[in-house]
Amino acid sequence: MSRDLLLEIGTEEVPAHFMPGILQQLKVKAADKFDQLHIDVSGIRTLGTPRRITLLIKGMAEKQADISIEHKGPSTKIAFDKAGNPTKAAVGFARGKNIPVDKLTVKDGYVYAVVHEQGKATAKLLSVILPELIENLNFPKTMRWADLDFHFVRPIRWIVALFGDEIINFTIANVKSGNKTRGHRFLSDGEHIIPNASEYEEVLKNLHIIVDQIERRTMIEKQIKELAEENNGIAQITDELLEEVTYLVEYPTALCGRFEDKYLQLPKEAVITPMREHQRYFPVVDAAGKLLPLFITVRNGGTKSLPTVQHGNERVLRARLADAQFFFDEDRKKKLADYLEKLKAVVFQEGLGSVYDKTLRLEQLAQYLGRAVDATPVDLDAAKRAAFLSKADLVTGMVCEFTELQGIMGREYALLDGESGAVATAIDEQYMPRFAGDRLPGTVAGRLVSLSDKIDNITATFSRGLVPTGSQDPFALRRQALGIVNILIEGQINISLAKFIDKAMSLLDINSNKKTGLLNSIVDFIKSRFNTVLTADGIRYDVIDAVSGTIDDIYAAYKKAKVINTKVLEGDLSAAIQAFIRVSNIAKTDNLQMDAALFTCREEKALYDSYITVKKAVAEYKYDYAGVIDELTKLTAPIDMFFDKVMVMDKDEVIKNNRLGLLKNIDNLVKKTADFSRIVL
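Summarised in this report is the structure supplied together with it.

Positionally, Ser 584 belongs in helix 22 (residues 574–586). Here Ser 584 is in contact with Asp 667 and Lys 671, once residues within four sequence places are set aside.

Spelled out as structure tokens, the structure:
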């Protein structure tokens, strides 16, 4: 027999962005706990609203499964004497397992005690399990209340614990569990009984609670889209905002409001940002993507007095947009370049000058990088100008009020000042990607400025010893390093990472004694993000290991990994890899000297000739790694023949060293592409 289990933790409003993690954590912990205790269940769900964290389990067995556990004891030599009688060791082992000594079994030279444990009633166990689940939940931040020595995400106000219709009794934080829940704060009154765990969702719907977050999210999205269509528009719905709103309400009702047309004269983002980031409203655009003077929001309640709620939301947004208009008008009294002087008073990082100093570094870094990748003079000029203006908007009124608009307002003000589209776009693209899944810079100038900004930030911060730890990354350096990797790959940019970092260190005037250690730390940091990208792309771990040692050019290493991964999966490299490993295993020398005149065997001459031919061909292929790999595999047969017919460790030291020199040269040539000894065949 089975019953449903319900655990509802009623709280004060939990921050919306905490909820997904809490529900996932509760589900995992519950699944692990019941699995460990051998309690069978049909399905586990976690549900949540701002005021409740719920565990709902279908088909939970009323009794633990009976189990038999085999305990290994002493060896038979110790457990029995010469006459075959049990020794004190065997008797003590049996006593410890609560079984008669004659019930011990013998297997593989050891004695075993097979202990049969009868399952206990689930209901009795739940009074211990459920409070443990509650107490073991972790949160980004916790609270204490009253005089209790208890921490939780928010104060607990009620607990429902039902196994079928049976109440599971326990007390946490002076709150006793029961079968009474609370409905919507404004659409229901008092406490309400849940007769049975299986009726939970139905009872809550009658109390104006949509407790299933997936159902609630679907309702919200549907209402928003329908409301936008009714007003001849298209709602701009982002996953992040939709999820946040889902955990802000218990009973969603979407409504549409308006704002004055005059605010449409502001840059689009200056209207959307206060709407979306500050008020949690959804913007509405027409079919062409042009912003309409409309917004959609979601109230926590029904349709009663909806016009009043709409009017209140319109008043709040009107005030935010009036602020935006004021800051925009004030900012436009000067050109963007005129704000550069104020940057001299803004500290970049302690001991590393001002933000103005940083813009001068960015100019030089962008030019260095542009020349290294053969950028056109037009792109170089655009990157230089964009780098110079890149931080000017940070001291404008608009960005000081709405920090999310950094770069965006720089772009808009640059266009209004008559700067070229390439310069304006690059000012915006310097911060891309701003978040996970964000688009990357799409222009050459934008990539140059973005890469320069990120490498300067990482180098400067590392130089101060502020290296990200497992739990701390206050300057978001991991995101920036990941951005560098993705920009280099998507932009197909071949650049020496070490030289780029060295240039950044020189511009920061870092002590030469610190340079080597600092360079290695930054390269390793970026390399770890590169490995993350490869893993996400489905590259095998051993292929990642094989190319990781040769990372200086990120894009080149990425291409190598993709080609090698494909060929390894197809089985094309098995013979070649084995040959390369044989070479690597014996070429343990620093000697690179070899003289063709000293080769005495036909097979070593053949290998030497193949090496010279392949080396020349590999150099011509350059970044075509499919071609490089195909050329390297041509060494397979000559290598195999060499080892079959030639004694490398000849008694003649000169001949031996010459052969070792040949193998070392081949090993170096192969390892310029990858260390194939790391590939698992």
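Before going further, it helps to examine the packing of aromatic side chains. Geometry of an aromatic ring pair is reported as the spacing of the ring centres plus the angle between the planes. Applying the stated rule across the entire model yields eleven aromatic pairs. With centroids separated by 6.2 Å and ring planes inclined at 15°, the aromatic side chains of Phe 150 and Phe 152 adopt a geometry described as stacked. The buried category is assigned to Phe 150, whose relative accessible area is 14%. Note on Phe 152: relative accessible area 1%, which makes it buried. With a centroid separation of 5.8 Å and an interplanar angle of 35°, the aromatic rings of Phe 328 and Tyr 413 are classed as tilted. Taken together, the residues span a long stretch of sequence, with Phe 328 in helix 9 (residues 306–331) and Tyr 413 in helix 14 (residues 408–416) at a distance of 85 residues. Neither residue differs from the other here; Phe 328 and Tyr 413 are each classed as buried. Among the aromatic residues, ring-to-ring pairing joins Phe 139, Trp 145, Phe 150 and Phe 152 into one connected group. Above the ring of Tyr 110, the side-chain terminus of Lys 72 is found at 4.1 Å from the ring centroid. Over the aromatic face of Tyr 112 sits the side chain of Lys 107, whose NZ or CZ is 4.9 Å from the ring centroid.

In this section: helix 22. An ideal rise of 1.5 Å per residue puts 18 Å on 13 residues; helix 22 measures up with 19 Å between its terminal C-alpha atoms. Burial in helix 22 covers these residues: Ala 576, Ile 577, Ala 579, Phe 580, Val 583 and Ser 584. Looking straight down helix 22, one finds its buried side chains confined to an arc of 160°; they lie on one side. Tucked into the core, helix 22 has its buried residues touching helix 21 (554–569), helix 24 (625–633), helix 25 (636–645) and helix 26 (653–671).

Before going further, it helps to spend a moment on the sheet that holds strand 8 (residues 166–167). Taken together, five strands build an open sheet; the order of strands is 2-3-1-7-8 and the sheet is antiparallel. Strand pairing shows two members of the sheet lacking a second neighbour, strand 2 (43–49) and strand 8, which therefore form its edges. Strand direction decides the pairing type here: strand 1 (residues 2–11) and strand 3 (residues 52–61), joined by eight bridges, are antiparallel. The residue of strand 3 that forms the bridge with Arg 3 is Met 60.

Let's shift gears to the pairing of strand 2. Counting buried positions along strand 2 gives five out of seven residues, so the element sits mostly inside the fold. In this structure, strand 2 lies alongside strand 3, joined through seven bridges in antiparallel fashion. From the neighbouring strand, Thr 49 faces strand 3, where its bridge partner is Arg 52. Count of turn residues in the strand 2/strand 3 antiparallel hairpin: two residues.

Together, Glu 240, Glu 243, Glu 277 and Glu 404 line one region of the surface with negative charge. Topologically, Glu 240 is positioned in helix 7 (residues 239–246).

Ranked by internal contacts, the top residues of the largest apolar core, which has 129 residues, are Ile 526, Ile 564 and Phe 676. Here this core takes nine residues from helix 19 (residues 512–536), the largest share from any one element. For Ile 526, the residues in contact, after removing those within four places along its chain, are Ile 455, Ala 481, Ile 484, Val 485, Leu 497, Ile 501 and Ile 554. Of all hydrophobic cores here, the second largest spans 42 residues; its members include Ile 159, Phe 170, Val 175 and Tyr 247.

Let us look at the pairing of strand 14 (residues 252–258). The buried fraction of strand 14 is high, at six of seven residues. In the sheet, strand 14 pairs with strand 16 (residues 291–300) via seven bridges, with the strands oriented antiparallel. Each bridged residue has a counterpart across the sheet, and for Arg 258 the counterpart in strand 16 is Leu 294.

Turning our attention to the sheet that holds strand 13 (residues 234–235). If you walk across this open sheet you meet the four strands as 13-15-16-14, and the pairing is antiparallel. The open sheet has two free edges, formed respectively by strand 13 and strand 14, since each of these has just one partner strand. Taken together, the two bridges between strand 13 and strand 15 (residues 282–285) define a ladder with antiparallel strand orientation. Within the sheet, the bridge partner assigned to Ala 235 lies in strand 15 and is Val 284. Sheet strands in contact with helix 6 (residues 213–230) are strand 13, strand 14, strand 15 and strand 16, and its direction is about 30° off that of strand 14.

What follows is about unusual backbone geometry. Among all residues except glycine, the phi angle is most often negative; among peptide bonds, the trans geometry is most common. The step from Met 432 to Pro 433 runs through a cis peptide bond, and the omega angle for that step is -5°. One non-glycine residue with positive phi stands out, namely Asn 98, at about 60°. Along the chain, Asn 98 turns up in the loop between helix 3 (88–96) and strand 5 (105–107). Given the relative accessible area of 71%, Asn 98 is considered exposed. Its identity as a non-glycine residue notwithstanding, Asp 374 has a phi of 60°, on the positive side. By the secondary structure assignment, Asp 374 is in the loop between helix 11 (355–372) and helix 12 (377–389). Given the relative accessible area of 67%, Asp 374 is considered exposed.

Conventions we followed
Residues numbered from 1 in each chain as written. Predicted model: local features only at pLDDT ≥ 70, side-chain atom pairs only at ≥ 80, totals over all residues. Heavy atoms only, no water. Helix = DSSP H or I, 4+ residues; strand = E, 2+ residues; numbered from the N terminus. Contact = heavy atoms within 4.5 Å. Phe/Tyr/Trp six-rings, centres within 6.5 Å; stacked < 30°, edge-to-face > 60°. Buried < 20%, exposed > 50% of the residue type's maximum accessible area, 1.4 Å probe, protein only. Lys NZ or Arg CZ within 6 Å of the ring centre and 35° of its normal. Expected span 1.5 Å × (residues − 1). Arc of directions from axis to C-beta. Pairing = 2+ DSSP bridges. Patch = residues over 30% accessible without salt bridge, like charges linked within 9 Å, V, L, I, M, F, W, Y side chains within 5 Å. Areas by Shrake-Rupley, 256 points an atom, 1.4 Å probe, with all protein chains shown as cover. Salt bridge = Lys/Arg side-chain N within 4 Å of Asp/Glu carboxyl O. Lys, Arg positive; Asp, Glu negative; His and termini not counted. Charge placed at Lys NZ, Arg CZ, Asp CG, Glu CD. Core = buried A, V, L, I, M, F, W, Y, C linked by side-chain atoms within 4.5 Å. Axes fitted to C-alpha atoms, helices over the stretch in contact; angles between N-to-C directions.

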